[in-house]
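Spelled out from the first residue to the last, the chains are:
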Amino acid sequence: MLNDLWYKNAIIYCLSVGTFMDANGDGVGDFQGLMRRLAYLQGLGVTTIWLMPFQPSPGRDNGYDVSDYYNVDPKYGTLGDFAEFTHACDERGMRVIIDLVVNHTSDQHPWFKEARSDPASKYRDWYVWSDSQPSNAKSGVVFPGVQKSTWSFDKRAKRWYFHRFYDFQPDLNTSNPYVQAELLKIMGFWIQLGVSGFRMDAVPFVIATKGTKVRRPVEQYDMLRTFREFLQWREGDAIILAEANVMPDTDLEYFGDEGERLPMMFNFQLNQNTFYTLATGDTNPLKKALIATKPRPPTAQWGVFLRNHDELDLGRLTPDQRAAVFAEFAPEPDMQLYGRGIRRRLAPMLAGDRRRLELAYSLMLTLPGTPVFRYGDEIGMGDDLRRHERESTRTPMQWSTEQQGGFTKHPKPPVRVISGGAYGFERVNVASQRRDPNSFLNWMERMIRMRREVPEISWGDFEVLRTSRNDVFALRYDWRNNSVLCVHNFGDEACTVRFRSGYNETGDDRLINLLSDDHSHAGDDGRHAVVLEPYGYRWYRVGGLDYLLRRTEV
Ligand code: GLC
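Analysis parameters
- Residues numbered from 1 in each chain as written.
- Predicted model: local features only at pLDDT ≥ 70, side-chain atom pairs only at ≥ 80, totals over all residues.
- Heavy atoms only, no water.
- Pairing = 2+ DSSP bridges.
- Helix = DSSP H or I, 4+ residues; strand = E, 2+ residues; numbered from the N terminus.
- Axes fitted to C-alpha atoms, helices over the stretch in contact; angles between N-to-C directions.
- Parallel < 35°, antiparallel > 145°, perpendicular 65-115°, else oblique.
- Left-handed = near helix turned anticlockwise from the far one by under 90°.
- Contact = heavy atoms within 4.5 Å.
- Nonpolar A, V, L, I, M, F, W, Y, C, P; charged D, E, K, R; others polar.
- Expected span 1.5 Å × (residues − 1).
- Buried < 20%, exposed > 50% of the residue type's maximum accessible area, 1.4 Å probe, protein only.
- Polar contact = N/O pair within 3.5 Å; in protein donor to acceptor, adjacent residues only side chain to side chain.

Looking at an unreviewed UniProt entry, the chain carries the name Maltose alpha-D-glucosyltransferase/ alpha-amylase, with the source organism given as Paraburkholderia diazotrophica.

Okay, structure coming up:
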């Protein structure tokens, strides 16, 4: 039984309770509303829901400024509702992971309040202080242009405190054993309420050394093993999915050589290079990123995504590459953010072109790892650039043509639903797409179903195939005597691409199309010649035997 490693062949769907569905009509989404939409998510093929922060918070960074780790923000419901929610997911065979934001707290957290006002408090040493302004106070900011420094003066404490992010997010002194113990307690608490793990926020900063003496922060990787062990002692198959936008040469430090540290990380390297390839049609950087991030322990898994709740961070591309992506997908300065990213949803970035959207998601579903969707992606939702910074892509889910897109009965919710234009709820919503067999939603549902039936992508070894064209990318997966081959054309013209399918132990070189009837036979020279539409894609199973019989179940 391979079910223990459930995260390997999962479909993860990220949502924030506050913008998903409002049941009580106060204008803010809640757990009751979310529970009414579980059948929808199950029908889409989602196996795991990732909840963004829902704990009490002043809400100055979309909930990533937590003021109580052991509760539910009353706006969203109660702890009782939360327990009902995890139970309801369990009933439907869906798992829940939640954000774990422990690099910092809100400055309104009682720990920080006590720490700043009472030097004798045990919480004083839970944060990172300095008697004078550190000379590097202006360096290392995460949000350039918005955030001024990483150290701020606190009038109560009459000292400077360290904050990697905004000044209202004081960093926890994560090297302090008491802080570490509390962190484990927080994990244990939510595990007890039925979650299957955590999307851990800002991991490189959590494990970094912090303080006035630190010139260059050093990652304390051993901490990761402590988190992992604790979690697995409590709940054998619980996971941590790390947000760690790091260079490939440190990937194994995060996973652990034997897989003893974190089981999952988002593949930011692949994400940025995917966008470069989508923008230019040059597949080389995508191939390089795949090879660079290939080494990982057998139990470890990448989280593969296109867009998330933050800006599309292009900070790891070269300046020229970044400029090329900006030119194609975010030409207006207002679409860009922090000098490195794009604050748009995917559908408007691709000008709503259904062919390119299908290409992008087909690719995401067939890259090595577990796909992570963002709510609204499945209907091609747009963004609202009038909202500040990253808020542009965090508008309410568009359910129907009813007022406020069916998200709430409240006439003026604090976060407005996108209305009017090509992406307004009147045109882009679940109800209309559900009724249309050719809608993007129904396409996505079919693709997700097929993806779940192709565990080779999650479990197998992959090889980038040589093709006759640089704008066509072909990837083959091998697992348990089965092979699957995925081809994507990034060019805007129809073309014929030639390639060898590679090793196949049956000796049968037929390619069975998994999505339609046009199969492919190798020519006399042993090569396939596949005709692709502009932005066309194919998923094949290699070999002519009845693939359904040979398909391996997990
Ligand atoms: C992570 C989150 C981001 C948040 C930051 C600070 O990067 O994804 O939304 O602002 O951490 O918690």
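Trainee: Go over the sheet that holds strand β5 (residues 151-154), please, and point to the residues and values.
Mentor: One open sheet holds the 3 strands; their spatial order is β4-β6-β5, and the pairing between them is antiparallel. The outermost strands of the open sheet, each flanked by one partner alone, are β4 (129-130) and β5. Here β5 runs beside strand β6 (residues 159-162); their pairing, made up of 4 bridges, is antiparallel. Pairing of Ser 152 across the sheet is with Tyr 161, part of β6.

Trainee: If you had to explain the packing of helix α9 (residues 268-280) against helix α11 (residues 319-329) to someone new, which residues and values would you point to?
Mentor: Viewed as axis vectors pointing N to C, α9 and α11 meet at an angle of 60°, and their least axial separation amounts to 9 Å. In terms of their interaxial angle, α9 and α11 are classed as oblique. The two elements α9 and α11 cross, and the hand of that crossing is left-handed. Residues Phe 275, Tyr 276, Leu 278, Ala 279 and Thr 280 of α9 form the contact with α11, whose participating residues are Gln 321, Ala 324, Val 325, Glu 328 and Phe 329. Of the residues belonging to the contact of α9 with α11, the class tally is 7 nonpolar, 2 polar and 1 charged.

Trainee: Explain α9 residue by residue, including any values.
Mentor: End to end, α9 covers 19 Å across 13 residues, agreeing with the expected 18 Å (1.5 Å per residue, within 8%). For α9, the buried fraction is high: 12 of the 13 residues fall into the buried class. Buried within α9 are the following residues: Phe 268, Gln 269, Leu 270, Asn 271, Gln 272, Asn 273, Thr 274, Phe 275, Tyr 276, Thr 277, Leu 278 and Ala 279. Measuring from the side-chain oxygen of the N-cap residue of α9 to the backbone nitrogen of Gln 269 gives 3.4 Å; that N-cap residue is Asn 267. Looking one or two residues beyond α9, the residue adopting positive phi is Gly 281, at roughly 80°.

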